[in-house]
Amino acid sequence: MEEIILSIHDLQKSYGRKEVLKGVSLEVKRGEIIGYIGANGAGKSTTIKIMLGIESDYRGEVKIFGHDISNGDITYKRKIGYVPEIAEVYDNLTGHEYLTFIGEMYGLDFDLADYKAKSLMELFGIGEVYHSRIASYSKGMRQKLLIISSLLHNPELIFFDEPINGLDANSVMIFKEIMTQLAAQGKTIFYSSHIMDVVEKISSRIILLMDGKVVADGTFDELKEQNTEGSLEQIFNELTGFNEHKELGTRFVSVVGEM
Ligand SMILES: Nc1ncnc2c1ncn2[C@@H]1O[C@H](COP(=O)(O)OP(=O)(O)OP(=O)(O)O)[C@@H](O)[C@H]1O
């Protein structure tokens, strides 16, 4: 039987009077790569933060590795990796200092953390800045550092929130390969992104969030059968009922020109 790694039932979350999640339900099996998509402000990051225990004020049930995360036991976090959409890193540390610190927090001994951190940075093409301060890193270098720090402890379940922001085309190809191979090893990946062609290519299932609810959940082929033939971008536009980009672009440019 396929193991359910993550299940959410009737998840509801409000900020003040604003209802962000209005009854989200989904299940994720071991080895799946879930592409979690939706318009800006749809509630994707909020869902991820709830699953990570960063946001604890919610209604509904969230189970990770079969355990309700509201039971006070946070040991499940040891087996989770996370790349946040907006990350705070200690800029004054070097890559070496930061990654060995994170590795040790996850229980790796220093030498292993150092070896893994250095090797992964080299493989991701940023080995030469291992001993430089993070403050001097480019945007893409920082993003690679975050990806590495989320994987150092070999997690079972990985949450990537916009992980490829700032990565160049070659690095995106490496990242896609990493995701595919991790999933083939039985790791489970929950991945939120606006880069539709990447989501289309690597997700084993795509979940679309709209108006606080899941409005589509299936493989890319299944979504295509239920909607217009075309790219995930076209399906996204269709499902979210959006066809105003030309008109909005024109009005935007016209306001820019007003003096
Ligand atoms: N701490 C907060 N306080 C108040 N409102 C919040 C807070 N965090 C998120 N929100 C609101 O919740 C809604 C969902 O935000 P969220 O960041 O989950 O969206 P998202 O789908 O990840 O969007 P994006 O694609 O732009 O990253 C937005 O309306 C946002 O303003």
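See the structure printed just above.
Quick caveat: nothing in here was measured; it's all calculated off a predicted structure.

Calculation criteria
Residues numbered from 1 in each chain as written. Predicted model: local features only at pLDDT ≥ 70, side-chain atom pairs only at ≥ 80, totals over all residues. Heavy atoms only, no water. Buried < 20%, exposed > 50% of the residue type's maximum accessible area, 1.4 Å probe, protein only. Helix = DSSP H or I, 4+ residues; strand = E, 2+ residues; numbered from the N terminus. Pairing = 2+ DSSP bridges. Right-handed = clockwise from strand over helix to strand, strands pointing away. Near = heavy atom within 4 Å. Polar contact = N/O pair within 3.5 Å; in protein donor to acceptor, adjacent residues only side chain to side chain. Areas by Shrake-Rupley, 256 points an atom, 1.4 Å probe, with all protein chains shown as cover. Nonpolar A, V, L, I, M, F, W, Y, C, P; charged D, E, K, R; others polar.

Draft legend 1. Quick peek at the pairing of strand β7 (residues 157-161). With respect to burial, β7 is a largely interior element, five of its five residues being buried. Residues of β7 alternate between two faces, with L157, F159 and D161 on one and I158 and F160 on the opposite face, all of them buried. Sheet analysis places β7 next to strand β8 (residues 188-192), joined by five bridges and oriented parallel. The residue of β8 that forms the bridge with F160 is Y191. Handedness of the β7-helix α5 (residues 169-184)-β8 crossover: right-handed.

Draft legend 2. Looking closely at the site of the ligand. Around the ligand sit 13 residues in total, of which G41, K44, T46, E85 and H194 are the nearest. A distance of 2.9 Å is found between an oxygen atom of the ligand and a backbone nitrogen or oxygen belonging to G43. Within the complex, 64% of the 630 Å² of free accessible area of the ligand lies under protein. No other element matches the three residues that helix α1 (residues 44-51) contributes to the shell around the ligand. Among the residues making up the shell around the ligand, the classes are represented as four nonpolar, six polar and three charged.

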